[in-house]
Amino acid sequence: MNAETQTPSITRILLLGGGFAGIYTARRLEKLFAGRSDVEIILVSRDNFLLMTPLMFEVCSGTLEASDCSISIREFVRNVKFVEASVDEIDLEQRLVRVSWGDANQRELAYDQLVLAMGGLTNTSRISGSELAFTFKTLADAILLRNHVIERMERAEPESDAKLRRRQLTFVVIGGGLVDVEVFGELTAFMDEILRYYPGIRREEIRLYLLQASEEIMPELSKKLAEYSTHLLSKRKGVSIRVNSPVERITPGQVHLKDEILEASTIVLSAGVVPSPIVARLAVEKDQRGKIAVEPTMRCKQHPEVWAAGDCASIPDPTGKPYPDLAQHAMREAKVLADNIYATVNQLPIKPFVYKTKGVMASLGHHRGVAVMMGIPLRGFLAWWLRRSYYILVTPRMAQRVRLVADWTIGFFFHPTLSKIDLNTEREMLLHYAAVRALAESGRATEVKSAIAPENAR
């Protein structure tokens, strides 16, 4: 194990997590400490890009490319030391973080100030069998789900067995929050767009279920906007929105409700978020959801050198209620958090995070959406257009904005492609070349020559 420590005269600020909270905190710190040789800022993230999560739905539907919603971290923060690695362990007593790469190498990073912004994972503990469902938290999730949906259509068209065909063409989304409804809305629109390429499948054969445990969908919005969303989506062919329908368990190809079993080859679970397992193991105060209970300043109560923001933190507002897990909050939290770290390093007073939600937006597919902007409820095309305009404005880097506008313009006039990204081929190639490298390192030249033969490299 390699240990990496800092010179006593240098203050090291270590940030864990490459989401909105982590990246924007790093960017703000970069500006605040510009020109300071006595401060070192390190950002650790499993991925080398910032994922614009609100745009993932359109990657799944084929409107956007994967690169449209991913921004290189190295381009975003130029003077921050970036380490692409996974966090294995956090030792709060020793002030050490252990990280590793894909191999067995592990490095220890010491810190003076630690920022936890590691996001969260889909909660798979609520429903038995959740591991059998697709999740929707990462870019890989969006690509995998898209590939799977297209594959179901390919398998269903030539299928003569009515029961198997019905299962292939049944899609279930579990959860009725904003994210779940956006996934569902884009999925219904995607089906309408690609069906033209499958003349052997009738639209009424495709069934899409949205299952919500509570009495209404989209609790983040007003009742009127929720009702509008329900009405709009329910008018689409094959759509069934069921409230007061908690899922009891998931088995292979089946969703078990209280009085019914839905046969489906595609099950998407997006209900609820839990903190990273690394955060869950920390011996600090947490709220009932497992998030780190921090002070209004985002400072950890037990360890004043530790800070937390984003999905892994429970930050109280002036009334004591935790702020919601929204990108707009994470970006604002980052600025205050960076300012507080700067103040701490310079022995200045720190301030609490206070923010009032500017609005909430959701796309429902087919150029329709719902939104609340500055307290004004909006729906239909206007809400959809404002949502897109907002994300163009908040997307970092002009080049990225131009790509978004270009792809959205193309998508407005043309249908999405049916090309799948063959992730299996890439994985097989990586495994193949890893095996070849292992043979070469062991000096087995004959076997290396055989392994790199063209027929073995496919």
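Here, the structure is the one placed above.
Note that the structure is a prediction, hence the values are computed from the model and not measured. (Residues numbered from 1 in each chain as written. Predicted model: local features only at pLDDT ≥ 70, side-chain atom pairs only at ≥ 80, totals over all residues. Heavy atoms only, no water.)

**Student:** Tell me about the pattern of salt bridges, and please be specific about residues and values.
**Tutor:** Scanning all chains against the criterion turns up 23 salt bridges. Put simply, Glu151 and Arg155 hold a salt bridge, and the shortest N to O gap is 2.2 Å. Taken as a pair, Glu151 and Arg155 lie in helix α4 (residues 139-156) at a separation of 4 residues, close to a single helical turn. Residue Arg155 is classed as partly exposed on the basis of its relative accessible area, which comes to 39%. Across the pair Glu205 and Arg202 runs a salt bridge, and its minimum N-O distance is 3.9 Å. Taking the relative accessible area as the measure of exposure, Glu205 reaches 17% and is therefore buried. In the salt-bridge network here, residues are joined through shared partners; they are Glu58, Glu182, Arg387 and Arg388. (Salt bridge = Lys/Arg side-chain N within 4 Å of Asp/Glu carboxyl O. Helix = DSSP H or I, 4+ residues; strand = E, 2+ residues; numbered from the N terminus. Buried < 20%, exposed > 50% of the residue type's maximum accessible area, 1.4 Å probe, protein only.)

**Student:** Explain the nonpolar core to me, using residue names and the numbers behind them.
**Tutor:** Val44, Ile90, Leu114 and Leu116 are the most contacted members of the largest nonpolar core, which totals 119 residues. For Val44, the contacting residues outside a window of four places in its chain are Leu14, Leu15, Leu16, Gly17, Gly18, Val83, Ala85, Val87, Val99 and Leu109. If you look at the next biggest cluster of nonpolar residues, it comprises 15 residues, including Ile127, Ala133, Ile174 and Val255. (Core = buried A, V, L, I, M, F, W, Y, C linked by side-chain atoms within 4.5 Å. Contact = heavy atoms within 4.5 Å.)

**Student:** How would you summarise the packing of helix α1 (residues 20-32) against helix α9 (residues 327-345) if you had to cite specific residues and measurements?
**Tutor:** Where α1 contacts α9, the axes come no closer than 8 Å and their chain directions differ by 35°. By crossing handedness, the relation of α1 to α9 is classed as right-handed. The residues of α9 that touch α1, namely those facing Phe20, Ala21, Tyr24, Thr25, Arg28, Leu29 and Leu32, are Ala327, Ala330, Met331, Ala334, Lys335, Leu337, Ala338, Asp339, Ile341 and Tyr342. Broken down by class, the residue content of the contact of α1 with α9 amounts to 13 nonpolar, 1 polar and 3 charged. (Axes fitted to C-alpha atoms, helices over the stretch in contact; angles between N-to-C directions. Left-handed = near helix turned anticlockwise from the far one by under 90°. Nonpolar A, V, L, I, M, F, W, Y, C, P; charged D, E, K, R; others polar.)

**Student:** Give a detailed account of unusual backbone geometry, specifying residues and quantitative values.
**Tutor:** The backbone of Arg95 sits at a positive phi, close to 60°, despite the residue not being glycine. On the secondary structure map, Arg95 appears in the loop between β7 (86-91) and β8 (96-100). One non-glycine residue, Gln347, lies in positive phi territory at about 55°. In this fold, Gln347 is placed in the loop between α9 and β23 (359-365).

**Student:** Kindly report on a nonpolar patch on the surface, identifying the contributing residues and their values.
**Tutor:** A cluster of nonpolar side chains, Phe381, Leu382, Trp385, Ile410, Phe412, Phe413 and Phe414, forms an exposed patch at the surface whose accessible area comes to about 790 Å². Put simply, the parts of the chain that give the nonpolar patch at least two residues each are α10 (381-394) and α11 (398-413). Judged by relative accessible area, which is 47%, Ile410 ranks as partly exposed. (Patch = residues over 30% accessible without salt bridge, like charges linked within 9 Å, V, L, I, M, F, W, Y side chains within 5 Å. Areas by Shrake-Rupley, 256 points an atom, 1.4 Å probe, with all protein chains shown as cover.)

**Student:** Pulling in residues and values, what's your account of the environment of Lys301?
**Tutor:** As for its placement among the helices and strands, Lys301 is situated in the loop between β20 (292-293) and β21 (306-308). On a C-alpha basis, the gap between Lys301 and Val284 in space is 7.8 Å, while along the polypeptide they are 17 residues apart. If near-sequence neighbours (up to four positions away) are discounted, Lys301 is found in contact with Glu285, Ala293, Val294 and Glu295. Side chain to side chain, Lys301 and Glu285 meet in a polar contact 3.4 Å long. (Polar contact = N/O pair within 3.5 Å; in protein donor to acceptor, adjacent residues only side chain to side chain.)

**Student:** Got a sec to walk through the sheet that holds strand β24 (residues 368-373)? Specific residues and values, please.
**Tutor:** Taken in spatial order, the 3 strands make up an open sheet running β23-β24-β25, and their pairing is antiparallel. In this open sheet, the two strands that pair with only one neighbour each are β23 and β25 (376-380). Neighbour-to-neighbour, the strand axes of this sheet turn through a mean angle of 5°, independent of strand direction. As paired elements, β23 and β24 share 6 bridges and run antiparallel to each other. Among the inter-strand pairings, Gly365 is bridged to a residue of β24, identified as Arg368. Its contacts with the sheet place α10 against β23, β24 and β25, and it is angled at close to 105° to β25. (Pairing = 2+ DSSP bridges.)

**Student:** Describe in detail the layout of surface pockets, supporting the description with residues and values.
**Tutor:** The computed volume of the second largest pocket comes to approximately 670 Å³. If you go around the second largest pocket, you meet 31 residues; those closest to its centre are Ser61, Gly62, Thr63, Leu64 and Pro416. Elements that contribute at least two residues to the lining of the second largest pocket include exactly α2 (56-60), α4, α6 (178-194), α10 and α11. No other element matches the 5 residues that α11 contributes to the lining of the second largest pocket. (1 Å grid on protein atoms, 1.4 Å probe; cavity = no way out; pocket = protein on both sides within 12 Å on 5 of 7 lines; lining within 4 Å. Points joined across faces, edges and corners; volume = space filled by probe spheres on them.)

**Student:** An account of the pairing of β23 is requested, with residue identities and associated values reported.
**Tutor:** When you tally the buried positions in β23, you get 7 out of 7 residues, the bulk of the element. Between β23 and β24, which pair antiparallel in sequence order, lie 2 residues; one of them, His366, sits at a positive phi of approximately 55°.

**Student:** Before we move on, can you summarise the packing of α10 against α11 with the specific residues and values?
**Tutor:** The geometry of α10 relative to α11 is characterised by a closest axis approach of 9 Å and an angle of 155° between their N-to-C directions. Comparing the axis directions of α10 and α11 gives the class roughly antiparallel. Across the interface between the two elements, Phe381, Trp384, Arg388, Tyr391, Ile392 and Leu393 of α10 pack against Arg401, Leu404, Val405, Trp408 and Phe412 of α11. Residue classes in the contact of α10 with α11 are distributed as 9 nonpolar, no polar and 2 charged. (Parallel < 35°, antiparallel > 145°, perpendicular 65-115°, else oblique.)

**Student:** How would you explain empty space enclosed by the protein if you had to name every residue and give the values?
**Tutor:** Taken as a whole and assessed by the stated rule, the structure comprises 2 cavities of 30 Å³ or more. The calculated volume of the largest cavity comes to roughly 60 Å³. As for the largest cavity, its lining consists of Phe57, Cys60, Ser61, Phe136, Leu145, Val183, Glu186, Leu187 and Phe190. Looking at the lining of the largest cavity, the elements that each hand over two or more residues are α2 and α6. It is α6 that provides the largest number of residues to the lining of the largest cavity, a total of 4 residues. Grouping the constituent residues of the lining of the largest cavity by class yields 7 nonpolar, 1 polar and 1 charged. Computed from the structure, the second largest cavity encloses a volume of approximately 40 Å³. Gly310, Asp311, Pro324, Asp325, Leu326, His329, Ala330 and Glu333 together form the lining of the second largest cavity. Its residues assigned to classes, the lining of the second largest cavity comprises 3 nonpolar, 2 polar and 3 charged.

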